[in-house]
Amino acid sequence: MEMNKLLLTDLNTEQQQAVVTDSQYTIVLAGAGSGKTRVLVHRIAWLCLEKNYSPHSIFAVTFTNKAAMEMQGRIKSLVGEGYSTGMWVGTFHGLTNRLLRMFPEQANLPANFQLIDNEDQNRLIKRIFRELQIDEKQNSPKECVAFISTQKEKGLRPDDFVAEDPKQAMWQNIYRDYQVICDRVGYVDFSELILRTYELLCSNEEVLHYCRRRFANILIDEFQDTNLIQYRLVKKLAGTTANVMIVGDDDQSIYSWRGANADNLQLFIKDYPDTEIVRLEQNYRSTSTILDAANKLIANNKKRLGKNLWTDIGIGEKISLYVAFNDIDEARFVIGQIIKRHAEGDLYSNCAILYRNNSQSRIFEDTLLQAGLPYQIYGSIRFYERQEVKLALSYLRLLHDHNNDMAFEATINTPTRGIGDITLDKIKLTAKQNNISLWDACLILIQTNGLNERQCSGISRFLELMESIYNEVELLPFYKQLGAIIKLSGVQHMYEQEPGIKGQAKLENLEELVSAAEQFYSTNSATLIETEQTSETGETLTLLESFLAHTSLESRDVIKDQDSVQLMTLHSAKGLEFDNVFIVGLEEGIFPTQRSAQELDKMEEERRLAYVGITRARKYLTLTLCESRRLYGREERHLPSRFLDELPIENLNEISNYGINLEYQYGQKNENERKKTYKKKTSPNDGYKLGRKVKHLRFGEGTIVNLEGEGEHRRVQIAFVDEGVKWLVIKLANLTLL
């Protein structure tokens, strides 16, 4: 009885119901911040201590190794070391690997079968490409790997489906060859672990009987993130005798792009009509103002089981809505608010900037560094350290400095040009012997016939490519050179061939790099020179040299464990929480994305992603959008995100900008009727306003596109016809109003 009380202490009514239920099939519909891990841990303890199940009967699945270790630790502290021994607690991959190690012969695997990762898979697929004489430039090995993994996640072997087109027929044949090799040498990829285990349970009654007899209690966390084969595995393992508890939140299903099926929750109810649904709706994280906004937003989704989060924490502050002139202003505002919070005693690490796409981090990184604030990119790496960004910058460096050996090594065989390590070693040896650059070593080897015909052809094509690019872009500003290099070098095509969301993200990062270069050019062209020259003070850095130095300085490592502002995508933010959350870029075409606009399922997932972002905030939530932003090298204007229309206007505190206030028509449901209207704010009556034509003695005519500051520090940003965009202090600029 005492243990009974202990296990239910500090649990609310719904949590207690989930812990003590006698239902064979249970869905715990756990809202954000509702204490689901606590419920799972106490449920396992209840089964062992009160229902007298053996710890060996527990089969508990989490979605990350970190979550599994945390759960194991909490179970151990609650029930003791003796009870926790023998439980199977881990990820789908970890637990299926364990099961296959127990029954390798029955699964048609060698006892010492080898797990292979994505990199190993790519190497194996490339080998098959060579054997079948498939051109890697026209067909991406990574796309083929993704295709094979997708089929396995659907539970399909090569002969289980009909190809829809010639390309899919080619992938199907490669899948067949790939699996033959894996079976022969004992390779098992991560998708194979689950499919092979499912097939084992289907084909071997003895193993199935053992598993069903042992695992009387199956508990699955984050069930909304399961894919088809994972669901089938759980169903097969459970049979008709196991107690099955699944914990999930259909409102937080945001991973369809990697195979997750939000409908699995609905499917579970269909397969098990007697399922008891326990809703955990009390939130222990956020204020009621934030939760009310999240509830109103997600209520617009049609395909959901339904729940309504509430809290007794209190009303809290209104949600701030900031409308910026442009993305520069947006970043400055957000960083300014973080500085203010820090001055009031908050840690930087309690401040998170959330964005839809990785490429959006760049301008916030730049602004944080300019302000001298430490930051960390969670779940990713800093913008200028990203592989595709470093590659493009290496091409730019090599274009202007053939003696840059690091740039040479980074670019010579990316994209692949058939120049392998043996050729590169020969180039390095020649460079070392003659004390020259790798580029010059190539010229010597070509002139002296130091390479075989194939090596010579590959090297010559690369040198000729770089020379032809230089001749084509030599007279262009460096940011235009960068855009041309990305296309002409084959880098853009290489990433276009990369499948799914990863390839698209890399292309977006490259486009953002060009935008960053153009912004740097516009901002610094008045103080730096276009080409090299010397003066009385010595050599002056060119715009290009200054930009390249800027990118190198911005990629410095953050000090480990330093209190830092957190930057991350909305997907990466799931499972985390912060006192101060800034969700940026709330504009149509950005969030929600353009890709989701025409499909209901994709739009509902975008809305779920917004819901996840909102429910990360404990105390303060700020939403931002821009009047205009430079996106992928172009100045673009977007409608405010439809998600703003779906928030309760009484919970928002709209913050006006320099002379402009966006009155968003929240009630408009017809997108064709959604307009942006503006009202003027009291400002100095000096004639300087957005859209006003002006003339500068040096830069000529231009249009005011931004204003900021007051009094002697008041500045205008002007888009000049011939000189680009520049910031000027009004008092010093001697401008003529036109």
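Quick caveat: nothing in here was measured; it's all calculated off a predicted structure.

A. Spatial organisation of the pattern of salt bridges. Here the structure, examined in full by the defined rule, presents 41 salt bridges. Of the charged contacts, one joins Asp 22 and Lys 51 as a salt bridge, the two residues approaching to 3.1 Å between their closest N and O atoms. Taken together, the positions of Asp 22 in the loop between helix 2 (13-20) and strand 1 (25-30) and Lys 51 in the loop between helix 3 (36-49) and strand 2 (58-62) put the pair 29 residues apart, joining distant regions of the chain. For Lys 51, a relative accessible area of 38% puts it in the partly exposed group. In this structure, the salt-bridge partner of Asp 271 is Lys 235, at a minimum N-O distance of 3.4 Å. A residue pair is termed long-range when its members are at least 10 positions apart, and Asp 271 in helix 13 (residues 264-271) and Lys 235 in helix 12 (residues 228-238) qualify at 36 residues. Assessed through its relative accessible area of 38%, Lys 235 is described here as partly exposed. Three or more residues are tied together by salt bridges with common partners; here these are Lys 152, Arg 157, Asp 183, Asp 189, Glu 192, Arg 196 and Glu 199.

B. Looking closely at the packing of helix 17 (residues 387-400) against helix 24 (residues 500-524). Two elements in contact, helix 17 and helix 24, have axes whose closest approach is 9 Å; the angle formed by their N-to-C orientations is 45°. It follows from the interaxial angle that helix 17 and helix 24 lie oblique. Seen from above, helix 17 lies across helix 24 with right-handed handedness. Here Gln 387, Glu 388, Val 389, Ala 392 and Leu 393 of helix 17 come into contact with helix 24, specifically with Lys 506, Asn 509, Leu 510 and Leu 513. By residue class, the composition of the contact of helix 17 with helix 24 is five nonpolar, two polar and two charged.

C. Inspection of the domain arrangement of the protein at higher detail. What the domain assignment lists for the protein is domain 1 (1-105 + 194-282), domain 2 (114-185), domain 3 (319-382 + 555-655), domain 4 (385-520) and domain 5 (692-737). The C-alpha centroid of domain 4 is placed 34 Å from the C-alpha centroid of domain 3. Approximately 1,500 Å² of surface area, both sides summed, lies buried where domain 3 meets domain 4, with 44% of it carried by carbon and sulfur atoms. Across the domain 3-domain 4 interface, the total number found is three salt bridges. Between Glu 365 and Arg 386 there is a salt bridge, and its shortest N-O distance comes to 4.0 Å.

D. Quick peek at the sheet that holds strand 24 (residues 715-720). One open sheet accounts for five strands, arranged 25-24-23-22-26; its pairing is antiparallel. Of all the strands in the sheet, the pair left with one neighbour each is strand 25 (724-729) and strand 26 (736-737). Two elements, strand 24 and strand 25, share six bridges in a ladder whose sense is antiparallel. When the sheet's bridge partners are listed, Ile 718 is paired in strand 25 with Lys 726.

E. Quick look at the environment of Asn 65. If you trace the backbone, Asn 65 turns up in helix 4 (residues 65-79). What makes Asn 65 exposed here is its relative accessible area of 56%.

F. Spotlight on the sheet that holds strand 16 (residues 617-626). Strand order across the open sheet formed by seven strands is 11-14-10-15-16-9-19, with parallel pairing between neighbours. Edge positions in the sheet fall to strand 11 (375-377) and strand 19 (652-655), since each of these pairs with one other strand and no more. Averaged over all adjacent pairs, the angle separating strand axes in this sheet is 20°, with direction ignored. Looking at chain direction, strand 11 and strand 14 (residues 565-569) are connected through three bridges and run parallel. Across the sheet, residue Gln 376 finds its bridge partner in strand 14, namely Gln 566. Contacts between helix 15 (residues 327-343) and the sheet are confined to strand 9 (319-324), strand 10 (351-355), strand 14, strand 15 (578-583), strand 16 and strand 19, with strand 16 contributing the most and set at about 160° to the helix.

G. Main features of the confidence of the model for the protein. Looking at the protein as a whole, its pLDDT mean stands at 86, while 90% of the residues score no less than 70. With pLDDT under 50 throughout, residues 529-540 is counted as low confidence; its partners more than four residues away or in other chains account for 20 contacts.

H. Representation of helix 19 (residues 421-434). The terminal C-alpha atoms of helix 19, which comprises 14 residues, lie 20 Å apart, in line with the 20 Å expected from a rise of 1.5 Å per residue. Looking at helix 19, one finds that the buried residues are Thr 423, Leu 424, Ile 427, Thr 430 and Ala 431. Buried positions in helix 19, seen along its axis, are confined to an arc of 125° and lie on one side of it. Exposed residues on helix 19 whose side chains face more than 90 degrees from its buried face are Asp 421, Ile 422, Lys 432 and Gln 433. The secondary structure elements touched by the buried residues of helix 19 are helix 18 (405-411), helix 20 (438-447) and helix 21 (453-473). Within two residues after helix 19, Asn 435 carries a phi angle of roughly 55°, on the positive side.

I. Region of the structure containing unusual backbone geometry. Residues Thr 414 and Pro 415 are joined by a peptide bond in cis, for which omega reads 5°. For Pro 415, the location among the structural elements is in the loop between helix 18 and helix 19. In this structure, the amide linkage connecting Phe 591 to the following residue, Pro 592, adopts the cis form with an omega of 10°. Summarising the element assignment, Pro 592 is placed in the loop between strand 15 and helix 27 (600-614).

J. Examining helix 13 more closely. Among all positions of helix 13, only Asn 264, Leu 265 and Phe 268 are buried. Relative to the axis of helix 13, the buried residues are bounded by an arc of 105° and lie together on one face. Residues of helix 13 that are buried sit in contact with strand 1, helix 12 and strand 7 (243-248).

K. Seen up close, the packing of helix 20 against helix 21. Interhelical geometry of helix 20 versus helix 21 gives an angle of 130° and a closest axis separation of 11 Å. Overall, the two elements helix 20 and helix 21 adopt an arrangement that is oblique. Remark: the crossing between helix 20 and helix 21 carries left-handed chirality. Between helix 20 and helix 21, the residues in contact are Trp 439, Cys 442, Leu 443 and Ile 446 and Cys 456, Ile 459, Ser 460, Leu 463, Met 466 and Glu 467, respectively.

Cut-off values and rules
- Residues numbered from 1 in each chain as written.
- Predicted model: local features only at pLDDT ≥ 70, side-chain atom pairs only at ≥ 80, totals over all residues.
- Heavy atoms only, no water.
- Salt bridge = Lys/Arg side-chain N within 4 Å of Asp/Glu carboxyl O.
- Helix = DSSP H or I, 4+ residues; strand = E, 2+ residues; numbered from the N terminus.
- Buried < 20%, exposed > 50% of the residue type's maximum accessible area, 1.4 Å probe, protein only.
- Axes fitted to C-alpha atoms, helices over the stretch in contact; angles between N-to-C directions.
- Parallel < 35°, antiparallel > 145°, perpendicular 65-115°, else oblique.
- Left-handed = near helix turned anticlockwise from the far one by under 90°.
- Contact = heavy atoms within 4.5 Å.
- Nonpolar A, V, L, I, M, F, W, Y, C, P; charged D, E, K, R; others polar.
- Domains from an automatic or database assignment.
- Buried area = accessible area lost by both parts, 1.4 Å probe.
- Pairing = 2+ DSSP bridges.
- pLDDT = per-residue confidence, 0-100.
- Expected span 1.5 Å × (residues − 1).
- Arc of directions from axis to C-beta.

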